[in-house]
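Structural characterization, general
The primary structure of each chain is shown beneath.
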Amino acid sequence: MQATETFQISVDEAGLQLAADGSLRHLLTLKGLEKTLLIELLDEAQRFLTPFGAIPARSRSLEGRTVANLFFEPSTRTRASFDLAAKRLGADVLNLDVNTSSRKKGESILDMIYTLQAMHVDIMVVRDASASVPAHIARNVNEYVSILNAGEADISHPTQGLLDLLTIRQHKGRFEGLTVAIVGDIAHSRVVRSTAHGLNTLGVGELRLVSPAALAPDPDELPFALLTDNIDDGIRGADVVMALRIQRERMDSLEGIPGMDEYFANYGVSAKRLELAAPDAIVMHPGPMNRGIEIESSLADSPASVITQQVTNGVAVRMAVLERVGKTMAAT
Amino acid sequence: MQATETFQISVDEAGLQLAADGSLRHLLTLKGLEKTLLIELLDEAQRFLTPFGAIPARSRSLEGRTVANLFFEPSTRTRASFDLAAKRLGADVLNLDVNTSSRKKGESILDMIYTLQAMHVDIMVVRDASASVPAHIARNVNEYVSILNAGEADISHPTQGLLDLLTIRQHKGRFEGLTVAIVGDIAHSRVVRSTAHGLNTLGVGELRLVSPAALAPDPDELPFALLTDNIDDGIRGADVVMALRIQRERMDSLEGIPGMDEYFANYGVSAKRLELAAPDAIVMHPGPMNRGIEIESSLADSPASVITQQVTNGVAVRMAVLERVGKTMAAT
Amino acid sequence: MQATETFQISVDEAGLQLAADGSLRHLLTLKGLEKTLLIELLDEAQRFLTPFGAIPARSRSLEGRTVANLFFEPSTRTRASFDLAAKRLGADVLNLDVNTSSRKKGESILDMIYTLQAMHVDIMVVRDASASVPAHIARNVNEYVSILNAGEADISHPTQGLLDLLTIRQHKGRFEGLTVAIVGDIAHSRVVRSTAHGLNTLGVGELRLVSPAALAPDPDELPFALLTDNIDDGIRGADVVMALRIQRERMDSLEGIPGMDEYFANYGVSAKRLELAAPDAIVMHPGPMNRGIEIESSLADSPASVITQQVTNGVAVRMAVLERVGKTMAAT
């Protein structure tokens, strides 16, 4: 399982994502993807942004193609984001609520995938609570099908990583010399894994991870400059401060995790704390937020917050990825 | 809460629905909407009607726009009606089953709305069991987003009101001098609230409300000419007789509500009772019907019944409203 | 109920499916459909097949029409197959999860159908666990609506029958002189009922049904040449071997049905057993498979298996049927 690998590039995983000519075929993880490819995806996503009120950017690049959303975990935002991205590229979209249908009948995931493949589904967007499912599927589909990872256990959420990178680039214009602090449940976050690998590839100045000891990651697992349980040390001078969602369920069940009030006091990102950061620091959150727990509610709505912009970038990034794998498909 | 206001126009609510130039931006309630606007909407809806067997009327007026159906209460008919209306105008439609996703994660309604807004959702169709939710959302979205109320607690269901008005106009050709009797659970009906305000604005002759005392409305809340618990008094001479759905659950739990058989005997709209009405009286019901409880089954299928026509008009009215707010949007 | 009828053509059922000029209006059952019509549908389906990697075959023949998927039983594959077929013909598709909405409110099926009809839904695709529901609906809709049976109790699943016929024709090129063996839970299979009637009409050489005695059909109910509980007798010399899904629930509750291991030993279709069949025999399964119970897992993935091709043909067959009833509709 990838979660227990070191952060060195796994040639196998990275290679699995690319077609023979090096073009992007699946998106499973940001780890191991080349800097040029990441930058091209960000550039392409940027082109899909239009001002509010205008008709959203559209293209016909997936016209006639079929995109299936296979969500084995419930999701509103990521599912909606992929759904809109695919429709705005002209694709037919098949939304499968997988919990309530074939799994009842005990069908294996691969048999379901083979079925969709046989129906000429071109791109499958997969979210699953178990590790390695997207790569497992990618290894087994035929050469004409693309798999996009829409959230994999605690391991990977590559389009979330890309939207974070795009948002940071829009505000800071660079990654070199930038200090990014990510605060919260690092141990269980697929978001931080994707974002950290992307930042690392793009040459971020200093990545700091802040969490209670009980939620700290395996230090071999992620690229970072500082791992601390002191939020002030983490935030001081940072250009970007990202709060992570904490699962309330974990607070009751895991030892060493403070209760909600204590969590906010020690790990909540607040306006007061943000004073320690760089004067123009931005505040990010992958959503959905627990306001008043991991982030101060008024800060989430303040000018420093770029949280809704992350959502907007999410659709653009997914359009860029969908269009990109569609091009690889057309060239096959 | 609107439910406890008098039926005087609330400038705030009415104003909230209109853009600065007076064009329709949100549809939250029929209360306070001007007669000219109501008539224009009915005229536009009428244009979207085509004979059965022909391809349904279509337009490209929402092409490239995104409509999200946000139903926090289960619904087949209203959701399907908005879905088809939006698709027949060329919009991309996002159907969110909100019960089973983000609310599990404890996200607030407004954060979900901000997320959809950030994804360039242009029009949000909202149904919620709590009062004031659509107006609350409308007050908080940016200037490019339109909110359409698809059913709000016991308070408001404005597109249902419009389709009732359109159906009555098709059969009677006028509102002046017309006697309309609405029979059933007035106290808990969002339908009657919308229809009553619309009828009032269009100058209906006489609106009569019939219900058991336990289901009577607050007399200050609605515009009417007669409130009675005697169905014969209510129906006598009426040009339009509308039966309301009675929740079976209420029959068991609310004191003073008769059982099913007794309800039909005292408040069921039947062919026999309809003899008291005007000779060409029409029978309406918002659906879904409890046949044999609030309405005699054979009467629902008789020539006097315009119940399925109400459904047909529902799609047309929703197309008219969607197209109208789309025009306001394009002019912003 | 059809299940207890003999396999003689019911003029009523067959006639119900056709418009006055003999063209196909509803698809309820393959029983009684003429050979020429079946062959035309197979020919039309064949035209909708394209190589993998290419854009799937599309047409605009249902543009502007509305197809509603009304699944009263959960389904992933059949629902997805109809959904894609309709979209690839340019139709608007309305997916109704009927369990969780109007049935909660106690609405009758017919009232729901009348509602959809009133919304100008042109084609309704219906799956229901009760017998006779599709025909009941077909008898009650107006002359502009088509009903397609997507699975009816143990009785009928005509598009599954058509895709089986198409798959067999692709590999064998003929039906005359062909020996087909169907193995498993014959008693409860709507698949076998449709496929058997279709094979019979197309003049199959010899149809053999193999099942444990407890799962054998009423012998008057189906056209067949041999009914046996001995799988070797059934498979010997067969050109086509089709394994049926066995409901695991039945194994625990029905007397006379062996447990899983014993079932595989006695009724599982395996590579070893296939040696008894014709040298170029193909293996079929309607899916979803219980690998290792009714079919050997490695055989399902072997060159003899045409199981995923059945799925591909399923979309093509449904496009052919949808286009066909759309033409009948346009001529009305």
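Quick notes on the rules
Residues numbered from 1 in each chain as written. Chains lettered and ligands numbered in written order. Predicted model: local features only at pLDDT ≥ 70, side-chain atom pairs only at ≥ 80, totals over all residues. Heavy atoms only, no water. Least-squares fit on C-alpha atoms with pLDDT ≥ 70 in both. Contact = heavy atoms within 4.5 Å. Buried area = accessible area lost by both parts, 1.4 Å probe. Salt bridge = Lys/Arg side-chain N within 4 Å of Asp/Glu carboxyl O. Polar contact = N/O pair within 3.5 Å; in protein donor to acceptor, adjacent residues only side chain to side chain. Domains from an automatic or database assignment. Buried < 20%, exposed > 50% of the residue type's maximum accessible area, 1.4 Å probe, protein only. Helix = DSSP H or I, 4+ residues; strand = E, 2+ residues; numbered from the N terminus. Pairing = 2+ DSSP bridges. Phe/Tyr/Trp six-rings, centres within 6.5 Å; stacked < 30°, edge-to-face > 60°. Lys NZ or Arg CZ within 6 Å of the ring centre and 35° of its normal. Nonpolar A, V, L, I, M, F, W, Y, C, P; charged D, E, K, R; others polar. Axes fitted to C-alpha atoms, helices over the stretch in contact; angles between N-to-C directions. Parallel < 35°, antiparallel > 145°, perpendicular 65-115°, else oblique. Left-handed = near helix turned anticlockwise from the far one by under 90°.

1. Looking at the relation of the copies chain A and chain C
For the match of chain A to chain C, the screw axis carries a shift of 0.0 Å, the RMSD comes to 0.0 Å, and the turn is 120°. Here the two chains are linked by the operation of a three-fold rotation axis.

2. What to know about the interface of chain A and chain C
Contacts between chain A and chain C engage 26 residues on the former and 29 residues on the latter. Interface area, chain A with chain C, both sides summed: about 2,500 Å², of which 55% is carbon and sulfur. Where chain A packs against chain C, one counts two salt bridges. When the shortest N-O distance is used, the salt bridge between C:Arg291 and A:Asp111 registers 2.7 Å. One can count 11 residue pairs in polar contact (both at pLDDT 80 or more) joining chain A with chain C.

3. Notes on the domain arrangement of chain A
All names here are of chain A. According to the domain assignment, chain A consists of domain 1 (2–156 + 311–331) and domain 2 (158–308). On a C-alpha basis, the centres of domain 1 and domain 2 stand 25 Å from each other. Each side of the interface is counted separately: domain 1 has 39 residues, and domain 2 has 31 residues. Where domain 1 packs against domain 2, one counts three salt bridges. In this structure, the salt-bridge partner of Arg190 is Glu73, at a minimum N-O distance of 3.2 Å.

4. Digging into the pairing of strand S8 (residues 240–243) of chain A
Residues and elements named next belong to chain A. Burial along S8 is two-sided: Val240 and Met242 facing one way and Val241 and Ala243 facing the other are all buried. Here strand S5 (residues 179–183) pairs with S8 via four bridges, running parallel. Looking at S8, one finds that Val183 is bridged to Ala243. As paired elements, S8 and strand S9 (residues 282–284) share three bridges and run parallel to each other. Counterpart to Val240 in the pairing with S9 is Ile282.

5. A closer look at the packing of aromatic side chains
Scanning the model with the defined rule gives three aromatic pairs over all chains in all. Relative to A:Tyr267, the ring of A:Tyr263 has its centre 5.7 Å away and its plane inclined at 40°; by these criteria the two rings are tilted. Of this pair, A:Tyr263 and A:Tyr267 both sit in helix H10 (residues 260–267), four residues apart, which is roughly one turn of the helix. Comparing A:Tyr263 with A:Tyr267 shows no difference in burial state: the two are buried. Here B:Arg47 stacks its cationic end above the ring of B:Phe48, 5.5 Å away from the centre of that ring.

6. Quick look at the interface of chain B and chain A
Facing 26 residues of chain B, the contacting portion of chain A comprises 29 residues. In total, chain B and chain A occlude about 2,500 Å² of area from one another, counting both sides; carbon and sulfur atoms represent 55% of this. Where chain B touches chain A, the interface holds two salt bridges. Listed by contribution, the elements that provide at least two residues to the side of chain B that touches chain A are strand S2 (92–97) and helix H4 (109–118) of chain B. A breakdown of the residues in the side of chain B that touches chain A according to their chemical character gives eight nonpolar, 10 polar and eight charged.

7. Considering the side chain of B:Gln17
All names here are of chain B. Inspection of the secondary structure puts Gln17 in the loop between helix H1 (11–16) and helix H2 (35–47). When its relative accessible area of 0% is taken as the criterion, Gln17 is described as buried. Among the polar contacts made by the side chain of Gln17, one reaches the main-chain amide nitrogen of Leu28 at a distance of 2.6 Å. Residues contacting Gln17, with those up to four places away along its chain left out, are Ser23, Leu24, Arg25, His26, Leu27, Leu28, Thr29, Lys31 and Leu33.

8. Quick look at the packing of helix H4 (residues 109–118) of chain C against helix H5 (residues 133–140) of chain C
Axes are the key here: two packed helices are described by the angle between their axes and the distance separating the axes. All names here are of chain C. Contact geometry for H4 and H5: axes closest at 11 Å, N-to-C directions at 50°. Considering the angle they form, H4 stands oblique to H5. Note on packing geometry: the crossing formed by H4 with H5 is right-handed. Only Val133, His136, Ile137 and Asn140 of H5 make contact with H4, whose side of the interface consists of Ile109, Leu110, Ile113 and Tyr114.

9. Considerations on the pattern of salt bridges
All names here are of chain A. Here the structure, examined in full by the defined rule, presents 60 salt bridges over all chains. Between Arg65 and Asp122 there is a salt bridge whose closest N-O contact spans 3.2 Å. With Arg65 in the loop between helix H2 (35–47) and strand S1 (66–71) and Asp122 in the loop between helix H4 (109–118) and strand S3 (123–128), this pair connects stretches of sequence that are 57 residues apart. On the basis of relative accessibility, which here comes to 6%, the residue Arg65 falls in the buried class. Looking at Asp122, the relative accessible area reads 3%, which means it is buried.

10. So, the environment of C:Ser61
Residues and elements named next belong to chain C. Of note, Ser61 is situated in the loop between helix H2 (35–47) and strand S1 (66–71). Take Ser61: its relative accessible area is 37%, and that puts it in the partly exposed class. Note: C-alpha distance between Ser61 and Asn290 (229 residues apart in sequence) is 37 Å. Within the structure, Ser61 has its side chain in polar contact with the side chain of Ser59 (distance 2.8 Å).

11. Brief notes about the environment of C:Gly22
Along the chain, C:Gly22 falls in the loop between helix H1 (11–16) and H2. In the structure, C:Gly22 is positioned 15 residues away from C:Leu37 in sequence and 9.9 Å away in space, judged by C-alpha atoms.

12. As for the sheet that holds strand S3 (residues 123–128) of chain B
Residue and element names in this part refer to chain B. Strand order in the open sheet formed by four strands is S2-S1-S3-S4, and the pairing between neighbours is parallel. The sheet is open, and its two borders are formed by S2 and strand S4 (146–152), each paired with just one other strand. Pairs of neighbouring strands in the sheet enclose a mean axial angle of 15°, with direction left out of account. Bridge count for S3 against S4 is five bridges, and the pairing is parallel. What sits directly across from Val126, in S4, is Asn149.

13. Observations regarding the sheet that holds strand S4 (residues 146–152) of chain C
Pairing between sheet strands relies on hydrogen bonds along the backbone, with the strands arranged either parallel or antiparallel. All names here are of chain C. Pairing is parallel across the open sheet formed by four strands, whose spatial order is S2-S1-S3-S4. Among the strands making up the open sheet, the edge pair consists of strand S2 (92–97) and S4. Strand-to-strand twist across the sheet, computed as the mean angle between neighbouring axes with direction ignored, equals 15°. Bridge analysis of S1 against strand S3 (residues 123–128) gives five bridges, and the strand direction is parallel. Within S3, the residue paired with Asn69 across the bridge is Val125. Helix-sheet contacts for helix H3 (residues 77–88) involve S1, S2, S3 and S4, and the interaxial angle to S1 is about 175°. Relative to S4, H5 is tilted by about 170°, and along the sheet it contacts S3 and S4.

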